[in-house]
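Residues per chain, in single letters:
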Amino acid sequence: MSWHLSSWYLLLVLLVGLERVAELVVARRNARWSMARGGVMSGQGHYPWMVALHTGLLAGCLLEAGLADRPFVPALGWPMIVLVVAAQGLRWWCITSLGPQWNTQVIVVPGLALVERGPYRLRWLRHPNYVAVAVEGAALPLVHTAWVTALVFTVLNAALMVVRIRCENDALASLAAAPPATTSSTTVASTVPSTVAGTRPSKDAPATDAPPGTGGTPT
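Calculation rules
- Residues numbered from 1 in each chain as written.
- Predicted model: local features only at pLDDT ≥ 70, side-chain atom pairs only at ≥ 80, totals over all residues.
- Heavy atoms only, no water.
- Helix = DSSP H or I, 4+ residues; strand = E, 2+ residues; numbered from the N terminus.
- Buried < 20%, exposed > 50% of the residue type's maximum accessible area, 1.4 Å probe, protein only.
- Areas by Shrake-Rupley, 256 points an atom, 1.4 Å probe, with all protein chains shown as cover.
- Axes fitted to C-alpha atoms, helices over the stretch in contact; angles between N-to-C directions.
- Parallel < 35°, antiparallel > 145°, perpendicular 65-115°, else oblique.
- Left-handed = near helix turned anticlockwise from the far one by under 90°.
- Contact = heavy atoms within 4.5 Å.
- Salt bridge = Lys/Arg side-chain N within 4 Å of Asp/Glu carboxyl O.
- Phe/Tyr/Trp six-rings, centres within 6.5 Å; stacked < 30°, edge-to-face > 60°.
- Core = buried A, V, L, I, M, F, W, Y, C linked by side-chain atoms within 4.5 Å.
- Polar contact = N/O pair within 3.5 Å; in protein donor to acceptor, adjacent residues only side chain to side chain.

Draft legend 1. Quick look at the overall build of the chain. The helix and strand inventory of the chain stands at five helices and six strands. Going from the N terminus to the C terminus, the chain shows its helices and strands as α-β-α-α-β-α-α-β-β-β-β. Looking at the chain as a whole, 52% of its 219 residues qualify as buried. For the chain, the computed accessible surface area is about 9500 Å², with 73% contributed by carbon and sulfur atoms.

Structure follows, in structure tokens:
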């Protein structure tokens with residue numbers, strides 16, 4: 001089986017990988033900030049699966065495009081590149097809007113105010129960082145018509161997000177039930193290597209961003 005892969009696509013995937021590393025650096029710094037303020041971490045059981053999924057996305061892009069000789073089709077590839085760039089913009093909008101409250105893990109910090117800036121002002125967009133993760137996960141492989149990777153990631157990511165969002169809701173509910181009742185915030189992100197996160201809370205609920213991340217997160 002021969003290997004055929006555009007050098008510029010290899011560079012694109014590597015740049016996305018470097019972005020994931022940058023997310024981890026920010027997330028670890030923010031985790032220290034949160035834990036120093038009494039943060040409580042949860043969801044460690046599903047987190048390794050998030051890491052594996054986002055790592056697999058990058059590997060799948062290269063392997064499928066290279067080994068299966070997927071072509072670059074301009075009518076598909078260029079719009080997908082635009083979506084990849086847009087997803088990165090949305091992800092970092094989430095990260096900068098949440099500041100130290102953003103993380104790739106689910107960390108509940110009592111006493112923090114509701115985040116009402118950036119994409120979290122948009123009432124119709126409950127999970128902005130997760131939107132970025134989903135869009136990027138489908139678009140990045142399709143830049144080079146790696147449709148199998150795009151399909152597998154989309155299905156697995158959807159299943160994982162069900163677990164992730166349930167974990168966030170449970171963490172927030174447990175904090176709200178604990179006396180004394182206080183306004184709080186969840187720092188989670190999206191992607192991961194991602195990833196992640198991005199949740200738009202209601203007015204009477206604690207702020208939450210599930211960036212991985214959102215975010216993660218992606219968050």
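Draft legend 2. Inspection of the packing of helix H1 (residues 7-35) against helix H4 (residues 128-142) at higher detail. As a packed pair, H1 and H4 sit with axes 11 Å apart at the nearest point and diverge in direction by 155 degrees. In terms of orientation, H1 lies roughly antiparallel with respect to H4. Crossing of H1 over H4 shows left-handed handedness. Each of Tyr9, Leu12, Val13, Val16 and Arg20 in H1 lies in contact with H4, whose residues at this interface are Glu136, Leu140 and Pro141.

Draft legend 3. Summary view of the pattern of salt bridges. Taken as a whole, this structure holds seven salt bridges when the rule is applied. Across the pair Glu64 and Arg70 runs a salt bridge whose closest N-O atoms are separated by 3.0 Å. Taking the relative accessible area as the measure of exposure, Glu64 reaches 9% and is therefore buried. Overlapping salt bridges bring together Glu19, Arg20, Glu23, Arg91 and Glu136 as one network.

Draft legend 4. Quick look at the packing of aromatic side chains. Within this structure, the stated rule accounts for three aromatic pairs. Their ring planes at 75 degrees and their centres at 6.0 Å tell us that Trp8 and Tyr9 sit as a pair that is edge-to-face. With relative accessibility at 36%, the residue Trp8 sits in the partly exposed group. When the centroid spacing of 5.8 Å and the interplanar angle of 90 degrees are considered together, the rings of Phe72 and Trp78 count as edge-to-face. Trp78 sits in the exposed class, given a relative accessible area of 51%. The structure contains a cluster of three or more aromatic residues connected by ring pairs, namely Trp8, Tyr9, Phe72 and Trp78.

Draft legend 5. The environment of Phe153, seen in detail. Here Phe153 shows up in helix H5 (residues 147-177). Sequence separation between Phe153 and Gly60 is 93 residues, and the spatial gap between their C-alpha atoms is 9.2 Å.

Draft legend 6. Geometry of the nonpolar core. Formed by 22 residues in total, the largest nonpolar core has its most connected members in Tyr9, Val13, Cys61, Leu140 and Val143. Among the elements of the structure, H1, helix H2 (47-67), helix H3 (74-98), H4 and H5 are those that each provide at least two residues to this core. With seven residues, H2 is the single largest residue contributor to this core. Every residue in contact with Val13, bar those within four places of it in the chain, is listed here: Leu58, Cys61, Leu62 and Leu140. Grouped together as the second largest cluster of nonpolar side chains are 11 residues, Ala27, Leu90, Ile95 and Leu98 included.

Draft legend 7. Structural context of the side chain of Glu168. Position of Glu168 relative to the elements: it lies in helix H5. Engagement of the side chain of Glu168 in a polar contact is seen with the side chain of Tyr130, the distance being 2.4 Å.

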